[in-house]
Amino acid sequence: MSAVAPYLKAIASRRTVYALKPQLPSNVTLQDVQSVVEAIIKDTPTAFNSQINRAIILTGAEHKRVWDETVNSVQGDSGKKRPASVRDEAFGTIVFFTDDKTTEELQAKFPVYASIFPQFADHSSGAAQIQTWTALKQLDVGGHLQHYNGYIKAALPKSIPLEWQVHSQLVFGLPAVDELPQKSYIENPVKIFS
Ligand SMILES: Cc1cc2nc3c(=O)[nH]c(=O)nc-3n(C[C@H](O)[C@H](O)[C@H](O)COP(=O)(O)O)c2cc1C
């Protein structure tokens, strides 16, 4: 069991951290973040090894522009608070996508699974998102997961293919708090039947 302990500890120490500064830890570069995302997307399994996961990193002026457009598009002052804090306080955003064109090709090639391929895309994207979130925490990069998918899609750089479906935004930066947020857990045993 001891061999798996560091992996479990890494999973347990990932947290939603909303209080961020628009910086990275001094020993971490944007290229480090890029390398982590690329490695995780490469090794996250996909249905039929279809490799449908895609991601981009927004930072600097593009991060601000995309989130500013989101702030301006969301209706109501209360709804603008989160995207405004992301725009002003985070260092960057990893936008996760899956390639709908690949999903459609799979549906044509394997009709028996046609209705479930969109779910397979969701599953694999979720795995990539959470593994990235966990890995960044190992670099002391904090983050939180957002779903302003339609707004973000409308504001993306024009070079992003239209068939890339937006799944989430992993917002990241330097944690502005020292303590990890606490959370409660339910009793949730996994029973063995034999
Ligand atoms: C699939 C998924 C969707 C989530 N969507 C959002 C979201 O849209 N906005 C948000 O602020 N947090 C979102 N979260 C964060 C959860 O609220 C958070 O992970 C949960 O409360 C547990 O806290 P922890 O991340 O600190 O472990 C999401 C998390 C997951 C796994």
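As the structure is a computational prediction, the values presented were derived from the model and not from experiment. (Residues numbered from 1 in each chain as written. Predicted model: local features only at pLDDT ≥ 70, side-chain atom pairs only at ≥ 80, totals over all residues. Heavy atoms only, no water.)

A. Quick look at the nonpolar core. Within the largest apolar cluster, 19 residues are counted, with the highest numbers of intra-cluster contacts made by Ile-56, Val-95, Phe-97, Ile-152 and Leu-156. Contributing elements (two or more residues each) for this core: strand 2 (53–59), helix 3 (60–73), strand 3 (92–99), helix 7 (149–155) and strand 5 (164–175). At three residues, the largest contribution of residues to this core is made by strand 5. In this view, Phe-97 contacts Ile-52, Asn-53, Arg-54, Ala-55, Ile-56, Leu-156, Ile-160, Trp-164, Gln-165, Val-166 and His-167; residues no more than four positions away in its chain are not counted. (Core = buried A, V, L, I, M, F, W, Y, C linked by side-chain atoms within 4.5 Å. Buried < 20%, exposed > 50% of the residue type's maximum accessible area, 1.4 Å probe, protein only. Helix = DSSP H or I, 4+ residues; strand = E, 2+ residues; numbered from the N terminus. Contact = heavy atoms within 4.5 Å.)

B. Broad picture of the pattern of salt bridges. Applying the stated criterion across every chain, the model contains six salt bridges. With its nearest N and O atoms 2.9 Å apart, the salt bridge here joins Glu-69 to Arg-65. Note that Glu-69 and Arg-65 are positioned in helix 3 at a spacing of four residues, about one turn of the helix. For Asp-88, the salt bridge goes to Arg-87, with nearest N and O atoms at 2.8 Å. Bridged by salt links that share partners, the residues Glu-62, Arg-65 and Glu-69 form one connected network. (Salt bridge = Lys/Arg side-chain N within 4 Å of Asp/Glu carboxyl O.)

C. Structural context of the pairing of strand 5. Where burial is concerned, most of strand 5 is hidden: 10 out of the 12 residues are buried. By the bridge criterion, two bridges tie strand 1 (residues 20–21) to strand 5 in an arrangement that is antiparallel. Looking across to strand 5, one finds that Leu-20 is bridged to Pro-175. Sheet topology places strand 3 next to strand 5; eight bridges connect them, and they run antiparallel. The partner of Phe-96 across the bridge, within strand 5, is Ser-168. (Pairing = 2+ DSSP bridges.)

D. Region of interest: the site of the ligand. Close to the ligand lie Arg-14, Arg-15, Thr-16, Tyr-18, Trp-133, Leu-145, Gln-146, His-147 and Lys-183, which account for all nearby residues. Measuring from an oxygen atom of the ligand, one finds a side-chain N or O atom of Thr-16 at 2.6 Å. One of the side-chain nitrogen or oxygen atoms of His-147 is found 2.8 Å away from an oxygen atom of the ligand. Protein coverage of the free-state accessible area of the ligand, which is 620 Å², stands at 56%. A breakdown of the residues in the shell around the ligand according to their chemical character gives three nonpolar, three polar and three charged. (Near = heavy atom within 4 Å. Polar contact = N/O pair within 3.5 Å; in protein donor to acceptor, adjacent residues only side chain to side chain. Areas by Shrake-Rupley, 256 points an atom, 1.4 Å probe, with all protein chains shown as cover. Nonpolar A, V, L, I, M, F, W, Y, C, P; charged D, E, K, R; others polar.)

E. The side chain of Asp-99, seen in detail. If you trace the backbone, Asp-99 turns up in strand 3. In this structure Asp-99 comes out as buried when scored by relative accessible area, which is 9%. With sequence-adjacent residues up to four places away left out, Asp-99 is seen in contact with Ile-52, Arg-54, Glu-163 and Trp-164.

F. Quick peek at the side chain of Thr-134. Secondary-structure assignment places Thr-134 in helix 6 (residues 117–138). Since its relative accessible area comes to 10%, Thr-134 is described here as buried.

G. Spotlight on unusual backbone geometry. Not every positive phi belongs to a glycine, and Phe-48 is a case in point at roughly 55 degrees. Inspection of the secondary structure assignment puts Phe-48 in the loop between helix 2 (30–43) and strand 2. One non-glycine residue, Asn-49, adopts positive backbone phi at about 50 degrees. Here Asn-49 is to be found in the loop between helix 2 and strand 2. The exposure class of Asn-49 is exposed, given its relative accessible area of 55%.

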